[in-house]
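# Observations on chain architecture
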Amino acid sequence: MRVAVYLPAEDKTQWWVDMLQGLLPGWDVVSLDAAADPETVDFAVVWRPRTGDLARFRNLRAIVSIGAGIDHVLADSELPSDVPIIRTVGADLTQRMREYVALHVLRHHRDMPRQLLAQAQNDWHAIVVPVAPNRTVGVMGLGNLGAAAATTLAQLGFATRGWSKSEKTIDGVTCFAGQGGFDTFLDGCDILVNLLPLTDQTRGLLNASLFRKLPKGACVINCARGPHLVEDDLVAALDSGQIKQATLDVFHIEPLPTDHPFWSHPAVTVTPHVASQIDAATGGRLIANNLMTFAKTGTCDDVADAERGY
Ligand code: NDP
Ligand code: OXD
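This structure is a prediction, so every number in the text was calculated from the model and none was measured.

## Concerning the domain arrangement of the protein chain
What the domain assignment reports for the protein chain is domain 1 (2-88 + 278-297) and domain 2 (91-270). The distance between the C-alpha centroids of domain 1 and domain 2 comes to 32 Å. With 10 residues of domain 1 at the interface, the matching set in domain 2 holds 7 residues. Between domain 1 and domain 2, roughly 710 Å² of surface is buried when both sides are summed, and carbon and sulfur atoms account for 46% of that area. Of all residues in domain 1, the largest losses of buried area upon contact with domain 2 belong to R48, D71 and I278, amounting jointly to 54% of the total for that side. Where domain 1 touches domain 2, the interface holds 3 salt bridges.

## A short note on the sheet that holds strand β1 (residues 2-6)
Working definition: the strands of a sheet are paired by backbone hydrogen bonds and lie parallel or antiparallel to each other. What the 5 strands build is an open sheet, ordered β2-β1-β3-β4-β5; its pairing is parallel. Where the open sheet ends on each side, the last strands, each with one partner, are β2 (28-31) and β5 (85-86). Note that strand β4 (residues 62-65) and β5 share 2 bridges and pair parallel. Bridge assignment links I63 to a residue of β5, and that residue is I85. Packed on one face of the sheet, helix α1 (residues 10-23) meets β1, β2 and β3 (43-46) and runs near 180° to β2.

## Regarding the sheet that holds strand β8 (residues 173-177)
Taken in spatial order, the 7 strands of this open sheet run β8-β7-β6-β9-β10-β11-β12, and their pairing is parallel. Strands at the two margins of the open sheet, each flanked by one partner only, are β8 and β12 (268-270). Along the sheet, successive strands turn relative to each other by an average axial angle of 15°, direction set aside. In terms of strand pairing, strand β7 (residues 159-164) meets β8 through 5 bridges, oriented parallel. Note that in β8 the partner of S164 across the bridge is A177. The sheet strands contacting helix α6 (residues 178-186) are β6 (136-140), β7, β8 and β9 (191-194), and the helix crosses β7 at an angle near 155°.

## Here we look at the site of ligand 2
Every residue near ligand 2 is listed here: W47, G67, A68, G69, R225 and H273. With respect to ligand 2, the backbone of A68 contributes an N or O atom lying 2.6 Å from an oxygen atom. A distance of 2.6 Å separates an oxygen atom of ligand 2 from a polar side-chain atom of H273. Protein chains bury 84% of the 210 Å² of accessible surface belonging to ligand 2 in isolation. A breakdown of the residues in the shell around ligand 2 according to their chemical character gives 2 nonpolar, 3 polar and 1 charged.

## A look at the side chain of N194
Here N194 is to be found in strand β9. Not counting residues up to four positions away in its chain, the partners in contact with N194 are M140, L206, I221, N222, C223, A224 and H228.

## Concerning the packing of helix α3 (residues 91-109) against helix α5 (residues 144-156)
Following both chains from N to C, one finds α3 and α5 inclined at 45°, their axes separated by 9 Å at the closest point. Our classification of the angle between α3 and α5 gives oblique. The two elements α3 and α5 meet at a crossing, and its hand is right-handed. Together, L93, T94, M97, R98, V101, A102, V105 and L106 of α3 and N144, L145, A148, A149, T152, L153 and L156 of α5 make up the contact between the two elements. Of the residues contributing to the contact of α3 with α5, the split by class is 11 nonpolar, 3 polar and 1 charged.

## What about the packing of aromatic side chains?
Per the counting criterion, the structure on display carries 7 aromatic pairs. Residues W15 and W16 carry aromatic rings whose centres are separated by 6.4 Å and whose planes lie at 70° to one another, so their mutual orientation is edge-to-face. Over the ring of Y310 we find R308, and its NZ or CZ is 3.9 Å from the ring centre.

## Overview of the site of ligand 1
Around ligand 1 sit 30 residues in total, of which L145, S166, K168, D249 and Y310 are the nearest. The separation between a nitrogen atom of ligand 1 and a polar main-chain atom of K165 is 3.0 Å. S166 places a polar side-chain atom, nitrogen or oxygen, 2.6 Å from an oxygen atom of ligand 1. When ligand 1 is considered free in solution it has 940 Å² of accessible area, and contact with the protein chains removes 93% of it. When residues of the shell around ligand 1 are traced back to their parent elements, those giving at least two are α5 and β7. Take the shell around ligand 1: its biggest share by element is 3 residues, from α5. Tallied by class, the residues present in the shell around ligand 1 amount to 13 nonpolar, 11 polar and 6 charged. Summarising the domain contributions, the shell around ligand 1 has at least three residues from each of domain 1 (2-88 + 278-297) and domain 2 (91-270).

About the criteria used
- Chains are numbered independently. Their residues run from 1 in the order of the written sequence.
- Here the convention is simple: chains get letters from A, ligands get numbers from 1, in the order in which they are written.
- Only residues with pLDDT of 70 or above have their local features reported here, since the model is predicted, and side-chain atom pairs are shown and tallied only from 80 upward, although totals for entire chains, interfaces and linings are computed over all residues.
- In computing side-chain properties, one takes all heavy atoms of the structure into account and sets aside hydrogens as well as water.
- All the domain ranges listed were derived from an automatic or database domain assignment.
- Any pair of residues with heavy atoms lying within 4.5 Å of one another is described as a contacting pair.
- Defined here as a combined quantity, buried area equals the accessible surface (1.4 Å probe) lost by two parts on assembly, summed across both.
- For this analysis, a salt bridge means a side-chain nitrogen from Lys or Arg found within 4 Å of a carboxyl oxygen belonging to Asp or Glu.
- Strand pairing is defined by DSSP finding a minimum of two bridges between the two strands.
- Each helix corresponds to a stretch of at least 4 residues labelled H or I by DSSP, and each strand to a stretch of at least 2 residues labelled E; elements are numbered beginning at the N terminus.
- Axis geometry follows a simple rule: fit a line to the C-alpha atoms, using only the stretch in contact for helices, then measure angles between N-to-C directions, giving values from 0 to 180 degrees.
- Proximity is defined per residue: if any heavy atom of the residue lies within 4 Å of a molecule or strand, that residue is considered near it.
- Each polar contact in these results corresponds to two N or O atoms within 3.5 Å; when the atoms are within protein, one needs to be able to donate a hydrogen and the other to accept it, and residues that are neighboring in sequence are counted only if both atoms are side-chain atoms.
- Note on areas: Shrake-Rupley, 1.4 Å probe, and residue coverage restricted to the protein chains presented here.
- The residue classification treats Ala, Val, Leu, Ile, Met, Phe, Trp, Tyr, Cys and Pro as nonpolar and Asp, Glu, Lys and Arg as charged. All others, Gly included, are polar.
- Roughly parallel means an angle under 35 degrees; roughly antiparallel means over 145; roughly perpendicular covers 65 to 115; every other angle is labelled oblique.
- If you view the pair so one helix is near and one far, a crossing is left-handed when the near helix is turned anticlockwise from the far one by less than a right angle, and right-handed when it is turned clockwise.
- Between the rings of Phe, Tyr and Trp (Trp by its six-membered ring), a pair exists once the centres lie within 6.5 Å; its type follows the angle of the planes, with under 30 degrees stacked, over 60 edge-to-face, and the other angles tilted.
- Criterion for a charge above a ring: Arg CZ or Lys NZ at most 6 Å from the ring centre, at most 35 degrees from the ring normal.

See below:
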């Protein structure tokens, strides 16, 4: 079997080539750019491939996304449409996202930004906040990551809601579904967490109309994809006080340009797409296992539904 690997950073590509080669003895793992005889390549393992990268492999059996999202693969307008896309997911990724969401929800809940501001002014300023059961947190997207994050928040005691496309039942979480449940889900959410995949239906969903449906002073955490957010709408909502604070892990352009206003906005916390970065060794093992299963059986657990976009 031949595997072609691509990540935007050349040194990272070589690192992944070497690691996967070690995990797939007897296979031939090469960098996508160095893949001679493209028609002999069986699998591509990619993060943010360039337009046309995958079309030249005419006999691909599957494409592996080095990540949970497949939007970065589907963004290629020349993508061969009939090749299955395999996500990279697992307990490591879920655990990391639980930690990130818990950290930032608690931070907003306990008003840490204001507490740190008081410290910077040598101000012994006790901020008393409601207890978690009196704070409503909503999680948009109840897949692998959203369901785990919502469960963690419920275990911490928050009044937790979730929203997904289809109906769900999750212990301790009040679940809403579809467009019909959207406004009721948002109404009263003090802290909103986005864990939706990026699709035509979800692009731009974090916008002025949504912010108006939240209580005044709500906080927003976007740890899914940058284009879910209409950036100017967030800045306007922060400036008017409709939204009190935002934590943003993902952006339209990554790395976030050094002159982007989010870097210095007093109500924005920026993290560099690290909410849940699978460690490469764990990711490599997951990918190698999926490739071996797919090569043997023609499928594996983590095949995404490219038509619905996740
Ligand atoms: P899943 O595919 O497992 O779950 C997606 C969830 O979103 C499902 O519950 C689905 O509903 C729901 N959904 C999709 N479309 C809609 C819609 N139009 N309306 C309402 N609900 C919808 O995804 P994961 O949990 O694995 O990952 C979510 C996203 O997180 C990824 O796509 C990626 O973009 C992002 N991510 C970010 C990381 C980071 O470090 N910042 C790391 C990893 C992922 P249903 O169940 O009914 O189909
Ligand atoms: C992913 C990511 O999709 O890291 O896994 O964003």
